[in-house]
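Chain by chain, the residues:
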Amino acid sequence: MHLQSLSMKINGKIAVVTGAGSGIGRALALALSKEGARLALNDFNKQTLEETGALVEEQGGEAPLLVDFDVADHKKMHAFAEQVASHFGQVDIMINNAGVALGKVTAEDVEYEDFEWIMGINFWGMVYGSKAFLPFLKARTEASLVNISSLFGLIGIAYQAPYCTTKFAIRGFTESLRMEMLDLSPQVCVTSVHPGGIKTKIARSARVVGSATKKESEQLVNKFEQSFMKTTAEEAARVILKGIKKKKGQVIIGNDAKIPSLIARVLPSRYINIIGKAMKRSGI
Ligand SMILES: NC(=O)c1ccc[n+]([C@@H]2O[C@H](COP(=O)([O-])OP(=O)(O)OC[C@H]3O[C@@H](n4cnc5c(N)ncnc54)[C@H](O)[C@@H]3O)[C@@H](O)[C@H]2O)c1
């Protein structure tokens, strides 16, 4: 019987990160490179992706393979997986990180076009990234597939039904796949990550939807950033890397994610009232 090691080393691994032009993705790229991983990075935004590549080199890392495309395009994702595998000869770590948000909107009012847009990137992008890279990960003696969900993949939140839907779906897919891999290819560790508020551009880059004016949306973003986005992207990356090394199935980042998710687990019906009231008091 082949015994699996209890921890994974990052040094010398080939790691892939989507959405690496900003926030958590950029911090992950820098942290992985610092620990000796060689990188293939994606982002929709060519300029910010190239900036991340330059930052990796500045801190002494090898120039990453940079491929800009939309993760919601499954043909491009599969072509990317082939390109990474032929460039490096192997793939060890795949992190489906690219994600977007919608502004405050009721489930009743949200346009299908906006709902489909966020599902395309957050949910389908993660499915495409997982399916495209799994054959390469399975070929390794140890490998890691990481899907970035959210606190909002553990608890529901008002006026964010589309975002919550994408993040709950990521958790469902990821937990199902983790069980499947334990049965079929136990050397592939599958992890879902649930960050609380991380100081990144995600809220500011959210698509403005519903009836809010641009000014109202901006005020809401300011309040959200001040009240909720407390953890740095570097700290989030550090916790995610620790989870990869320890082969964790689930990684929750920050007490602002750990406490509400615990309340939801212990009080699955009542948490809606408790957290709903707290959100109302905060004016979000
Ligand atoms: N910041 C938070 O508070 C927080 C909390 C929980 C979960 N998350 C999740 O973390 C992940 C990273 O978000 P972040 O906070 O670093 O945001 P960010 O906006 O700083 O970075 C997201 C990156 O994804 C890229 N991207 C967007 N659409 C893309 C597409 N279609 N194809 C390829 N790249 C695309 C953007 O260009 C950007 O560089 C997301 O999945 C997000 O949902 C963030």
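Described below are features of the structure shown in this document.

Procedures and definitions
- Residues numbered from 1 in each chain as written.
- Predicted model: local features only at pLDDT ≥ 70, side-chain atom pairs only at ≥ 80, totals over all residues.
- Heavy atoms only, no water.
- Pairing = 2+ DSSP bridges.
- Helix = DSSP H or I, 4+ residues; strand = E, 2+ residues; numbered from the N terminus.
- Axes fitted to C-alpha atoms, helices over the stretch in contact; angles between N-to-C directions.
- Contact = heavy atoms within 4.5 Å.
- Patch = residues over 30% accessible without salt bridge, like charges linked within 9 Å, V, L, I, M, F, W, Y side chains within 5 Å.
- Areas by Shrake-Rupley, 256 points an atom, 1.4 Å probe, with all protein chains shown as cover.
- Salt bridge = Lys/Arg side-chain N within 4 Å of Asp/Glu carboxyl O.
- Lys, Arg positive; Asp, Glu negative; His and termini not counted.
- Charge placed at Lys NZ, Arg CZ, Asp CG, Glu CD.
- Buried < 20%, exposed > 50% of the residue type's maximum accessible area, 1.4 Å probe, protein only.
- Near = heavy atom within 4 Å.
- Polar contact = N/O pair within 3.5 Å; in protein donor to acceptor, adjacent residues only side chain to side chain.
- Nonpolar A, V, L, I, M, F, W, Y, C, P; charged D, E, K, R; others polar.
- Phe/Tyr/Trp six-rings, centres within 6.5 Å; stacked < 30°, edge-to-face > 60°.
- Lys NZ or Arg CZ within 6 Å of the ring centre and 35° of its normal.

Bringing the sheet that holds strand 2 (residues 38-43) into the picture now. Taking strand neighbours across the sheet as the criterion, the 7 strands line up as 3-2-1-4-5-6-7 in an open arrangement whose pairing is parallel. Taken across any chain shown, the strands that pair with only one partner, and hence form the sheet edges, are strand 3 (65-68) and strand 7 (250-253). Going from strand to strand, the sheet's axes swing by 15 degrees on average, the running direction of each strand aside. Pairing analysis gives 4 bridges linking strand 1 (residues 14-17) to strand 2, with the strands arranged parallel. Each bridged residue has a counterpart across the sheet, and for valine 16 the counterpart in strand 2 is alanine 40. Across the face of the sheet, helix 5 (residues 161-184) comes into contact with strand 5 (143-148), strand 6 (188-195) and strand 7 while running at roughly 155 degrees to strand 6.

In this section: the side chain of serine 150. In this structure, serine 150 sits in the loop between strand 5 and helix 5. If we skip the residues at most four places from it in the chain, serine 150 touches Tyr163, Lys167, Val193, His194 and Pro195.

The next subject is a positive patch on the surface. Side chains of Lys242, Lys246, Lys248 and Lys258 sit close together on the surface and give a patch of like positive charge. Tracing the sequence through the fold places lysine 258 in helix 8 (residues 255-266).

A few words on the pattern of salt bridges. Taken as a whole and assessed by the stated rule, the structure comprises 13 salt bridges. For the salt bridge of glutamate 51 with arginine 26, the shortest nitrogen-to-oxygen distance reads 3.3 Å. With glutamate 51 in helix 2 (residues 46-58) and arginine 26 in helix 1 (residues 23-34), the pair connects residues that are 25 residues apart, well separated along the chain. For arginine 26, a relative accessible area of 18% corresponds to the buried category.

Looking now at the site of the ligand. Around the ligand, a shell composed of 29 residues is seen, among which Ser22, Asp43, Asp70, Tyr163 and Thr200 lie nearest. The separation between a nitrogen atom of the ligand and a polar main-chain atom of valine 71 is 3.0 Å. Between the ligand and the protein, one listed contact pairs an oxygen atom with a side-chain N or O atom of tyrosine 163 at 2.6 Å. With the chains in place, 93% of the 830 Å² that the ligand exposes on its own is no longer accessible. Taken together, the elements giving at least two residues each to the shell around the ligand come down to helix 1, strand 2 and helix 5. Its residues assigned to classes, the shell around the ligand comprises 13 nonpolar, 12 polar and 4 charged.

Phi is positive for tyrosine 159, which is not a glycine, with a value near 65 degrees. Residue placement: tyrosine 159 occurs in the loop between strand 5 and helix 5. Even without being glycine, lysine 247 reaches a positive phi, approximately 55 degrees. Among the secondary structure elements, lysine 247 is positioned in the loop between helix 7 (233-245) and strand 7.

Following the criterion strictly, the structure yields 6 aromatic pairs and no others. Chaining the aromatic ring pairs together yields one cluster made of Phe69, Phe80 and Phe133. Lying across the ring of tyrosine 159, lysine 104 places its NZ or CZ 4.7 Å from the centre. The side chain of arginine 207 reaches across the aromatic face of tryptophan 117, ending 4.1 Å from its centre.

Taken by themselves, the reported measurements are silent on function.
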